[in-house]
Amino acid sequence: LPQELDGGRREHEPAPDGGGDGRLMDFSDFTGAAEAHEAGREVRIIAPDGTETDAVWTVAGPLSKAYRRGKIAAGSALRRMSDDAAEEDRLDAFTVAGISRCVIGWTGVEWEKKPLDCTPENAAMLMTRFPWVAEQVERAIHDEAGFTKA
């Protein structure tokens, strides 16, 4: 239920004198948000020495179906791990399993001098071997401002 405001009126009711700031929330203004998160945003991978690489990953955002599937995959990854696994390993597995589902495309990615297909498994492999990539991908996924359309 809405919280009570001064004078006993509820949040959703206009002030009797027409006061207030007059701003109503038009939810239709946000209809493009989910689509932008589904379409994804590009993130150029930066090498540990700070140089830009040719690798550009496209990641879906937190309002996407891919993100929700990632949350399920992360939970599954934790359930598969033994109870005596180190806490750091559990956290890494949870994180990589989740964010790998949000990688929806890439360019400039090779493995052993051959183009590497963009799959959740390949994304997880790269992010497990190169945690600095996982950090950049995770940061891009959670930077919701990066998914707004100009």
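Residues numbered from 1 in each chain as written. Predicted model: local features only at pLDDT ≥ 70, side-chain atom pairs only at ≥ 80, totals over all residues. Heavy atoms only, no water.

The subject of this paragraph is the pattern of salt bridges. Scanning the entire structure with this criterion turns up 2 salt bridges. We note a salt bridge from R41 to D143, for which the minimum N-O separation is 3.2 Å. Taken together, the positions of R41 in strand β1 (residues 41–46) and D143 in the segment after α5 (131–141) put the pair 102 residues apart, joining distant regions of the chain. Salt-bridge contacts for R44 lead to E52; the nearest nitrogen and oxygen are separated by 3.7 Å. (Salt bridge = Lys/Arg side-chain N within 4 Å of Asp/Glu carboxyl O. Helix = DSSP H or I, 4+ residues; strand = E, 2+ residues; numbered from the N terminus.)

So, about a positive patch on the surface. Taken together, the side chains of K65, R68, R69 and K71 present a region of like positive charge at the surface. Its place among the elements puts K65 in helix α2 (residues 65–80). (Patch = residues over 30% accessible without salt bridge, like charges linked within 9 Å, V, L, I, M, F, W, Y side chains within 5 Å. Areas by Shrake-Rupley, 256 points an atom, 1.4 Å probe, with all protein chains shown as cover. Lys, Arg positive; Asp, Glu negative; His and termini not counted. Charge placed at Lys NZ, Arg CZ, Asp CG, Glu CD.)

Let's shift gears to the packing of helix α4 (residues 120–129) against α5. At a minimum axis distance of 5 Å, the contact between α4 and α5 shows a crossing angle of 115 degrees. Packed against α4, whose contacting residues are M127, T128 and R129, the element α5 presents P131, V133, A134 and V137 at the interface. Taken together, the residues that form the contact of α4 with α5 break down as 5 nonpolar, 1 polar and 1 charged. (Axes fitted to C-alpha atoms, helices over the stretch in contact; angles between N-to-C directions. Contact = heavy atoms within 4.5 Å. Nonpolar A, V, L, I, M, F, W, Y, C, P; charged D, E, K, R; others polar.)

This part takes up the confidence of the model for the protein. In regions of low pLDDT, the predicted coordinates are not meant to be interpreted in detail. Averaged over every residue, the pLDDT of the protein is 82; residues scoring 70 or more account for 79%. Confidence over residues 1–6 falls short of pLDDT 50; this stretch has 9 contacts with residues more than four positions distant or in other chains. (pLDDT = per-residue confidence, 0-100.)

Right, let's get into unusual backbone geometry. The residue E112 is not glycine, and still its phi comes out positive at about 55 degrees. Looking at the element boundaries, E112 is found in the loop between β4 (110–111) and β5 (114–115). Of note, the phi angle at K113 is positive, near 65 degrees, even though the residue is not glycine. The residue K113 is located in the loop between β4 and β5 in this model.

We now examine the sheet that holds β1. The 3 strands are arranged β1-β2-β3 in an open sheet whose pairing can be described as antiparallel. The open sheet terminates on both sides in strands that have one partner only, identified here as β1 and β3 (103–107). Strand-to-strand twist across the sheet, computed as the mean angle between neighbouring axes with direction ignored, equals 30 degrees. Bridge count for β1 against strand β2 (residues 52–59) is 5 bridges, and the pairing is antiparallel. Residue pairing across strands places V43 opposite W57, the latter belonging to β2. (Pairing = 2+ DSSP bridges.)

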